[in-house]
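# Chain and residue survey
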Protein chains: 2
Amino acid sequence: MTGISRLLTGFGAGDLFQLLRDGRPRTRSELASETGFARSTIASRIDELLAAGLIASVGDAVSTGGRPSSRVALNATARLVAGADFGATHATVAVMDLSGDVLEATSAERLISSGPVESLDWLRDTVLDLMERLQRDPADLIAVGVGLPGPVEHATGRPTTPPIMPGWDGYDVPGHLRRTFSVPVLVDNDVNVMALGEQSKGWPDAQDMMLVKVATGIGSGIISGGALQRGADGSAGDIGHISVSSAAGVLCRCGNTGCLEAIAGAPAILRALADQGRDVPTLGDLSDRVGAGDLVAVRTLREAGRNIGEVLNMCVSLINPSLIVVGGAMSRFSDLLIAGIRESVYARAMPLATKNLMIVESKVGAQAGVIGAGMMAIEHALSPLQIDVTVTASAAVV
Amino acid sequence: MTGISRLLTGFGAGDLFQLLRDGRPRTRSELASETGFARSTIASRIDELLAAGLIASVGDAVSTGGRPSSRVALNATARLVAGADFGATHATVAVMDLSGDVLEATSAERLISSGPVESLDWLRDTVLDLMERLQRDPADLIAVGVGLPGPVEHATGRPTTPPIMPGWDGYDVPGHLRRTFSVPVLVDNDVNVMALGEQSKGWPDAQDMMLVKVATGIGSGIISGGALQRGADGSAGDIGHISVSSAAGVLCRCGNTGCLEAIAGAPAILRALADQGRDVPTLGDLSDRVGAGDLVAVRTLREAGRNIGEVLNMCVSLINPSLIVVGGAMSRFSDLLIAGIRESVYARAMPLATKNLMIVESKVGAQAGVIGAGMMAIEHALSPLQIDVTVTASAAVV
């Protein structure tokens, strides 16, 4: 929402609220002089925000005479959002306050292939359960964010031919959840929400960064100029199916050959080890091997890092990030992967593009996805126009 | 400039001006009710904008009684910007009004290697000359935009180790021009300004597009989410030095081997033809060959397109544009190049990323760079904070 388009719709409570999001208490006079808006406008917008519970009176300002002026400030815990992060075989749900702090969260082993009805009903029940644990009214919820392990059309919240999510293609995820929660529901793929979570809690100053998830699949979330970039169809960051030279001829689950994912995803790495006589059925077993100093395991992981780095080298040329963060299930081997990634990226990168480039492991870890889903909900719910909608809905109730 | 940060600095003339940029005339009462700002604020901001010449009174509104209310609207030709597009061996300068229309322009053969002082003095003299031809006061100029054939740190306007621009490294381009014109000077690389020009005049609705320039070098300008993406160090879009399989071992002028530019840039294509016994010293000669149906020339251009497409295939996976525009000196062969590009991009692209993808030739043509440089100047000069600066400067003069 830019200043221009906002002005075209007039000055609402949401605009004033943006000023108060920093948490600093202000009097009505201070707000009027800071903004140049009419005193009558300020007064009515403040009343709306108080009625909606988004701000609160926080004690009186020192007055120069006459009666003290009361001050108002953001009421971060008055309203809540829920974030959910679904993987192929697990899911995490959190309830967060408006400052992005997780108040309560839970995780479960469950299959995304159980379909949208079962998955989303479980999400609904879990959110209601978390709210009850917090002794909060479900009506305090103002938005829900959901991350899913497949491509999503962000504008509608519908998955788009997701390969590992039978039954989800085109499913109206927001519509399903809004039967219970009459609030905005934002949906995106798991890697994009990871990028949002990693940025908001790990690297708040990063304007140009890439979150690379290395797990069963390989994908990335791109933040350029401070904003998550989804591309024209929501498929931006889909690096797992870029062709790499050393994968020539290797068949990928997507139907093509030579994809990065086909040689550097977790199943490909375990298969490569089996081919070399190393029986490592799980990532835990691989971790043991690496811990025991098995050079075949170490070499295989480093080679996977080099292959990922070959693709990231191109990404660095194209989008010039200042930060690449490696996350996902394989990031338990991030020392080896990152060593290989750096090797390839720096081997032939242009000096200008890598002058300030950092390649690091995730700071936020396994919670990045669910936190990012919640942050996506917060950013939407606290945007100027949406605050106006919330305020209007509250007024109807009051 | 977002609504939030703007609110934090108070309501200035620039905010009101954003509303008037659509060209529609409005009365002071209409502006007050459209924005919710205090009547006194509107009145003083309108006076400031009138004094600065950015808006003008445009006749009276039909009144419901009493004296008629005068209306104000954007005064697009009251102020001007200059745009300049420098290539390796030529330069174009244009003077444009605030709606982006070119009022007067000129081109010249000149070497960027003559250095910054000679080049920028020529630019200064040319702008003054164009203003004189237009019978306009140099004081009417409110910003200058410059495109240069090398990497530029956009925030400071200084070139960063540009390979074909001896003497320009770190040169203070804005400082040089501001000795004559006391206005903001915006500088970017030639491909980014081409992307801005192509978007503004050719594809105003494109939110996610890529402008690919194929000439001596190969580069691209990326517009994602409606905004030009420069990356952390201004090197975003630098696709000429991405490695392609068929270039393995070929030495590039950057010092690496295997770069796209080393096999698909104009000199590489002419060299490949010479190796096949075709003497085509210039692109004009190549054009004659193609016109005469020389299959070796046709095949060589199509192969160059395929190699460019191999890189663009990765770009499509990574940033998911809806539009790729091919421009630059080699775009005279765009039929053949685009056929080759499409072949590679569609050969292994993911269905979602290419569902709505168009790959087309430039609409704006050779003027895209200079127009984009001017548009960059306009967007900066008409941003809310900058308008406030302009207004203040005018007040000092008045």
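Look up: the structure comes first, before these words.
The following paragraphs examine the structure supplied in this document. (Residues numbered from 1 in each chain as written. Chains lettered and ligands numbered in written order. Predicted model: local features only at pLDDT ≥ 70, side-chain atom pairs only at ≥ 80, totals over all residues. Heavy atoms only, no water.)

### Side note on the packing of aromatic side chains
Residue and element names in this part refer to chain A.
- Applying the stated criterion across every chain, the model contains 4 aromatic pairs over all chains.
- Among the aromatic residues, those joined into a cluster by ring pairs are Phe 86, Trp 122 and Trp 168.
- The residue whose ring lies beneath Lys 363 is Trp 203, and the NZ or CZ to ring-centre distance is 4.1 Å. (Phe/Tyr/Trp six-rings, centres within 6.5 Å; stacked < 30°, edge-to-face > 60°. Lys NZ or Arg CZ within 6 Å of the ring centre and 35° of its normal.)

### Observations concerning the relation of the copies chain B and chain A
- For the pair chain B and chain A, the best superposition has an RMSD of 0.1 Å and corresponds to a rotation of 180° with a translation of 0.1 Å parallel to the axis. Between the two chains, the operation in question is that of a two-fold axis. (Least-squares fit on C-alpha atoms with pLDDT ≥ 70 in both.)

### As for the nonpolar core
- Formed by 98 residues in total, the largest nonpolar core has its most connected members in A:Leu49 and B:Leu49.
- In this structure, A:Leu49 is in contact with A:Ala13, A:Leu16, A:Phe17, A:Leu54, A:Ile55, A:Ile387 and A:Val391, ignoring residues within four places of it in sequence.
- If you look at the next biggest cluster of nonpolar residues, it comprises 86 residues, including A:Ile319, A:Phe333, A:Leu336 and B:Val316. (Core = buried A, V, L, I, M, F, W, Y, C linked by side-chain atoms within 4.5 Å. Buried < 20%, exposed > 50% of the residue type's maximum accessible area, 1.4 Å probe, protein only. Contact = heavy atoms within 4.5 Å.)

### Quick notes on the sheet that holds strand 7 (residues 141–148) of chain B
Residues and elements named next belong to chain B.
- Here we have 5 strands laid out as an open sheet, ordered 6-5-4-7-10, and mixed in their pairing. Every other strand in the sheet has two partners, leaving strand 6 (102–109) and strand 10 (185–189) as the edge strands with one partner each. Ignoring strand direction, the axes of neighbouring strands in this sheet form an average angle of 15°.
- Where strand 4 (residues 80–86) lies against strand 7, 6 bridges are found, and the strand directions are parallel. When the bridges of strand 7 are listed, Leu 80 appears paired with Leu 141.
- Across the sheet, helix 7 (residues 190–202) touches strand 4, strand 7 and strand 10, and the angle it forms with strand 10 is around 105°. (Pairing = 2+ DSSP bridges. Helix = DSSP H or I, 4+ residues; strand = E, 2+ residues; numbered from the N terminus. Axes fitted to C-alpha atoms, helices over the stretch in contact; angles between N-to-C directions.)

### Topic: helix 4 (residues 39–51) of chain A
Residue and element names in this part refer to chain A.
- Helix length check: helix 4 (13 residues) gives 18 Å between terminal C-alpha atoms against 18 Å at 1.5 Å per residue, within 8%.
- Those residues of helix 4 not exposed but buried are Thr 41, Ile 42, Arg 45, Ile 46 and Leu 49. Here the buried residues of helix 4 occupy an arc of 125° about the axis, which is enough to place them on one side. (Expected span 1.5 Å × (residues − 1). Arc of directions from axis to C-beta.)

### Brief notes about the side chain of B:Asp294
- With respect to the element layout, B:Asp294 can be found in the loop between helix 10 (283–291) and helix 11 (295–319).
- Non-local contacts of B:Asp294, meaning those with residues more than four positions away in its chain, are made with B:Arg278 and B:Arg289.

### Overview of the environment of A:Val117
All names here are of chain A.
- Along the chain, Val 117 turns up in helix 5 (residues 116–133).
- Using a relative accessible area of 45% as the deciding quantity, one classes Val 117 as partly exposed.
- Sequence separation between Val 117 and Gly 167 is 50 residues, and the spatial gap between their C-alpha atoms is 9.1 Å.
- Excluding anything up to four places from it in sequence, Val 117 contacts Tyr 171 and His 176.

### Description of the packing of helix 7 (residues 190–202) of chain A against helix 14 (residues 368–381) of chain A
All names here are of chain A.
- Close contact between helix 7 and helix 14 brings their axes to 6 Å; oriented N to C, the two are set at 85°. Overall, the two elements helix 7 and helix 14 adopt an arrangement that is roughly perpendicular. Between helix 7, through Val 193, Met 194, Leu 196, Gly 197, Glu 198, Ser 200 and Lys 201, and helix 14, the contact on the second element is made entirely by Ala 368, Gly 369, Ile 371, Gly 372, Ala 373, Met 375 and Met 376.
- Class assignment of the residues belonging to the contact of helix 7 with helix 14 gives a composition of 8 nonpolar, 4 polar and 2 charged. (Parallel < 35°, antiparallel > 145°, perpendicular 65-115°, else oblique. Nonpolar A, V, L, I, M, F, W, Y, C, P; charged D, E, K, R; others polar.)

### Observations concerning the side chain of B:Asp233
- Within the secondary structure, B:Asp233 is located in the loop between strand 13 (227–229) and helix 8 (260–264).
- Although B:Asp233 is buried, it makes no salt bridge; A:Lys355 carries the closest opposite charge, 5.2 Å away.
- Other than its neighbours up to four places away in sequence, B:Asp233 contacts A:Asn320, A:Leu352, A:Ala353 and A:Asn356. (Lys, Arg positive; Asp, Glu negative; His and termini not counted. Salt bridge = Lys/Arg side-chain N within 4 Å of Asp/Glu carboxyl O.)

### A word on the state of the cysteines
Residue and element names in this part refer to chain A.
- Enumeration over the complete set of coordinates arrives at 0 disulfides over all chains.
- Cysteine Cys 259 shares no disulfide, and the gap to the nearest cysteine sulfur, in Cys 254, comes to 3.7 Å.
- On the accessibility criterion, Cys 259 (0% relative accessible area) is buried. (Disulfide = S-S within 2.5 Å.)

### Observations concerning the environment of A:Val316
Residue and element names in this part refer to chain A.
- Summarising the element assignment, Val 316 is placed in helix 11 (residues 295–319).
- For Val 316, a relative accessible area of 1% translates into the label buried.
- Remark: the alpha-carbon pair of Val 316 and Leu 357, spanning 41 residues in sequence, is separated by 8.8 Å.
- Once residues within four sequence positions are removed from consideration, Val 316 is found in contact with Pro 321, Ile 324, Val 345, Ala 353, Thr 354 and Leu 357.

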